[in-house]
Amino acid sequence: MKIGILSRNRKLYSTRRLIEAATERGHEVRVLDTLKCIMDINSSDPGIYYKGEKLEGFDAVIPRIGASITDYGTAVIRQFEMMGVYCLTESIPLGRSRDKLRALQLLSRKGIGMPTTGFAHDVENGRELIKRLGGAPVVLKLLRGTQGRGVVLAETIKAAESVIDAFTELGADFLVQEFIKEAGGSDIRAFVIGRRVVAAMERSAAEGEFRSNLHRGGTARVVKLTPEERSTAVKAAQTMGLHVAGVDLLRSSRGPLIMEVNSSPGLGGIEAATSKDIAAKIITYVEDHARPAHGSRKTRG
């Protein structure tokens, strides 16, 4: 097959591993810088140009879209969909998962467990939300933030109000979420491909930190999930419409609680912690689900 990987940097670990896995299986691979794709929006022949060349003949595209370019990345994926190319991460699911509020609303509608969460814009409503959540400690999250950025643990009401004041001053929308104390600064990343969890790791926060992100100095180890945790992770990914997802969940006294569903999960941490070839599993999934470039395909964009 001819596979395109949408990535701003071919040297990134996840991109390199996907290139290696696809090449080892005999596929032609081309890395495309998302922001350098030019879209020709034409009703009779929609196309994408890259460095002066019209992109043609692709059987599949694997998007690796960073949060900072979500809007443009979504448009590029949508254009590939209009051209009939199989996209591992589709435009609508990408948009759903990147909108934290929308994602939580969808999960809530499906009855999937999550920390009690409220949404506010101004100071007074933020204070009201804290009361409704039972008081401090609470976690405050900017709607747009990745790798733990824009996430603050407020251990007192006064601290929470100070953070809300700061967010409000910036004109930023934020979520107020209950703090799950029994999680002990750890969470679980379940890597979902299709309808099953193919790997899972437990991430623990560094000393003095409550965010378990590996980019924040957290550590990871392989973990065995319960059947309920596995089914919850798969259901969360399916609710977003994602074929590949990193589902972050907490172990709580009331069962697994979903924190986030990541549409472009990194491969470095999960492969190192579990010693599993996740990149190869992704390519295998693409092989099983992509159609020939010239075959008909329903447009979802």
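How each quantity is defined
- Residues numbered from 1 in each chain as written.
- Predicted model: local features only at pLDDT ≥ 70, side-chain atom pairs only at ≥ 80, totals over all residues.
- Heavy atoms only, no water.
- Phe/Tyr/Trp six-rings, centres within 6.5 Å; stacked < 30°, edge-to-face > 60°.
- Buried < 20%, exposed > 50% of the residue type's maximum accessible area, 1.4 Å probe, protein only.
- Lys NZ or Arg CZ within 6 Å of the ring centre and 35° of its normal.
- Pairing = 2+ DSSP bridges.
- Helix = DSSP H or I, 4+ residues; strand = E, 2+ residues; numbered from the N terminus.
- Axes fitted to C-alpha atoms, helices over the stretch in contact; angles between N-to-C directions.
- Contact = heavy atoms within 4.5 Å.

Asker: Which residues make up the packing of aromatic side chains, and what are the values?
Answerer: Under the definition given, this model contains 2 aromatic pairs. Note on Phe167 and Phe174: the rings are 5.8 Å apart at their centroids and 45 degrees apart in plane angle, and the pair reads as tilted. Summarising the burial analysis for this pair, Phe167 and Phe174 share the class buried. Sitting over the face of the ring of Phe58, Lys2 holds its NZ or CZ atom 4.5 Å from the ring centroid.

Asker: Tell me about the sheet that holds strand β4 (residues 47-50), and please be specific about residues and values.
Answerer: Across the sheet, 3 strands lie side by side as β3-β4-β5; this open sheet has antiparallel pairing. Since the sheet does not close on itself, it has two edges, and those belong to β3 (37-40) and β5 (53-54), each with one partner.

Asker: Just give me the short version of the sheet that holds strand β8 (residues 117-120), but keep the residues and values in it.
Answerer: The 4 strands are arranged β8-β11-β9-β10 in an open sheet whose pairing can be described as antiparallel. For this open sheet the edge positions go to β8 and β10 (151-154), each flanked by a neighbour on one side alone. Taking each pair of neighbouring strands and ignoring which way they run, the sheet shows an average axis angle of 25 degrees. Sitting on the sheet, helix α6 (residues 157-169) is in contact with β9 (138-142), β10 and β11 (174-178), with an inclination near 10 degrees to β9.

Asker: If you had to explain unusual backbone geometry to someone new, which residues and values would you point to?
Answerer: Between Ala136 and the following residue, Pro137, the backbone shows a cis peptide bond with an omega angle of 0 degrees. If you trace the backbone, Pro137 turns up in the loop between α5 (123-132) and β9. For Lys51, which is not glycine, the phi torsion reads 55 degrees and is therefore positive. Even without being a glycine, Ser275 presents a positive backbone phi close to 60 degrees. Among the secondary structure elements, Ser275 is positioned in the loop between α8 (268-274) and α9 (278-289). Taking the relative accessible area as the measure of exposure, Ser275 reaches 67% and is therefore exposed.

Coordinates in, geometry out; function isn't part of it.
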